[in-house]
Amino acid sequence: MSGKQQRHEGQLGLAAVWAIAVGGMVGGGIFSTLGVVISSAGHWAALSFVLGGLVAYATGHSLAALTVAKDEAGGIYTFLRDLKFTRLARWSAWVLLAGYVLTCAVYAYTFGAYLGQALGGPAWLPPAMASGVILAMTAINLRGAGQAAGVEIAIVAIKLAILAALAAFGLSQFEVEKLSIAQQPGLIGIVIGAASVFMAYEGFELVAYDYDEMKDRKRVMRRIMPLAIGSAALIYVLVALAVPMLTGTQAVISDGEVALSRAGQAALGTPGLIAVTIAAALSTASAINATLFSSARLAREVARDGALPSALRRENAEGSPYWAVLLLAAGALALAVMGGLSGLVSGASVVFLLVFGTLNALAVKENVGRRWITLPGTVLAFGALAVLLLHMLGVM
């Protein structure tokens, strides 16, 4: 099926595309990585999220400009392919798909961890719930774009409302002194914090894979990046400022991936714990939904070019690339049940900084978008990548 033949199928309006982008970003990241940012950046943690947001915005601007200029779906894969970097294009597709499988597994693992902690069930309960959410989101994706997008809008609206309420409650008790930690990092900690959790901004690029399924695609693509990335950055900054007000900064670091649950409990007792657990469950579920939805369409496009098995291009009656959805979900389910993904999660930020830096560099090379955005985006992404690698090696 050619790109032109697909174009009549466009079902996704601005709200649906916004939900997919925000759902892809505000997944497990803010729930499991807040302590990491604070331990690296101290009282500048919110600024780390601002810096990460600036890199994400520049990359989103570059991605939108390249997509509209090429007028086709596929993201970095199609850009590299069209520039005749065939081997590099195939490598980028494989790396991204592996990253998305890992990302879905991490989201599912977080889903199970939060519910398991709230319910206090047996040891098998978290992995069982992780498996269940992947199976549920797979079923929704097999129903096609309209079903997946409708669920995504509802989930994103609910989880953002809960996070906003938690942020408002914490900020109502704001005191600068509560942001301090015992050993305050230097300003380089801001960069280390932003780079270490850059995976929290991974997700906005998913909409490039859905370009052919958008209504008024060029207009939506131009508008979506500042809206979606701005929404994610705002909620990250507010939560980073608010949660330490409720539990104390050291508690956020020591509580790890359940820090927001503790904050909800500190704010409103058991109802607060339940509300934040619901937000975590919805966040991770919507991130799985958005990632499966869009990465399956990437796999379909790559398969059409012969770089992946032809079975991945097959669609069901609802227009869903069902083999791609099923295989991606199966890989994520296996990893989620295995658990112990912390080392690979740390490497995910390296992968996405590398990919996003390359996207900005391609925009500069092709002279699309505003150079005063794309050029600094290139420098910031590769600079953050270098800092993160040095930090991982123990140099800084």
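Residues numbered from 1 in each chain as written. Predicted model: local features only at pLDDT ≥ 70, side-chain atom pairs only at ≥ 80, totals over all residues. Heavy atoms only, no water.

Colleague: I'd like a description of empty space enclosed by the protein, backed by residues and values.
Modeller: By the definition in use, this model includes two cavities of 30 Å³ or more. Considering only enclosed or pocket space, the largest cavity measures out at about 50 Å³ in volume. If you go around the largest cavity, the residues you meet are Ile38, Gly42, His43, Ala45, Ala46, Leu179, Ala240, Leu241, Pro244 and Thr249. Among the elements of the structure, helix 5 (45–70) and helix 11 (217–247) are those that each provide at least two residues to the lining of the largest cavity. The leading source of residues in the lining of the largest cavity is helix 11, at three residues. (1 Å grid on protein atoms, 1.4 Å probe; cavity = no way out; pocket = protein on both sides within 12 Å on 5 of 7 lines; lining within 4 Å. Points joined across faces, edges and corners; volume = space filled by probe spheres on them. Helix = DSSP H or I, 4+ residues; strand = E, 2+ residues; numbered from the N terminus.)

Colleague: Run through helix 4 (residues 34–41), naming residues and quoting values.
Modeller: For an α-helix the count is 3.6 residues per turn, leaving residues at separations of three or four pointing the same way. Among the eight residues of helix 4, six are classified as buried, and the element is accordingly described as predominantly covered. Among the residues of helix 4, Leu34, Gly35, Val37, Ile38, Ser40 and Ala41 are the ones counted as buried. Directly after helix 4, the chain includes Gly42, whose backbone phi takes a positive value near 60 degrees. (Buried < 20%, exposed > 50% of the residue type's maximum accessible area, 1.4 Å probe, protein only.)

Colleague: How would you explain the packing of aromatic side chains if you had to name every residue and give the values?
Modeller: Within this structure, the stated rule accounts for nine aromatic pairs. For the pair Tyr100 and Tyr209, a centre-to-centre distance of 6.1 Å together with 75 degrees between the ring planes defines the contact as edge-to-face. Of the two residues, Tyr100 is situated in helix 7 (residues 86–119) and Tyr209 in the loop between helix 10 (188–196) and helix 11; the sequence distance between them amounts to 109 residues. Taking the relative accessible area as the measure of exposure, Tyr209 reaches 3% and is therefore buried. Through successive ring pairs, a cluster of aromatic residues spans Phe49, Tyr100, Phe198, Tyr201, Phe204, Tyr209, Tyr236, Phe352 and Phe356. One Lys or Arg, Arg217, reaches over the ring of Tyr211 and ends 5.9 Å from the middle of that ring. (Phe/Tyr/Trp six-rings, centres within 6.5 Å; stacked < 30°, edge-to-face > 60°. Lys NZ or Arg CZ within 6 Å of the ring centre and 35° of its normal.)

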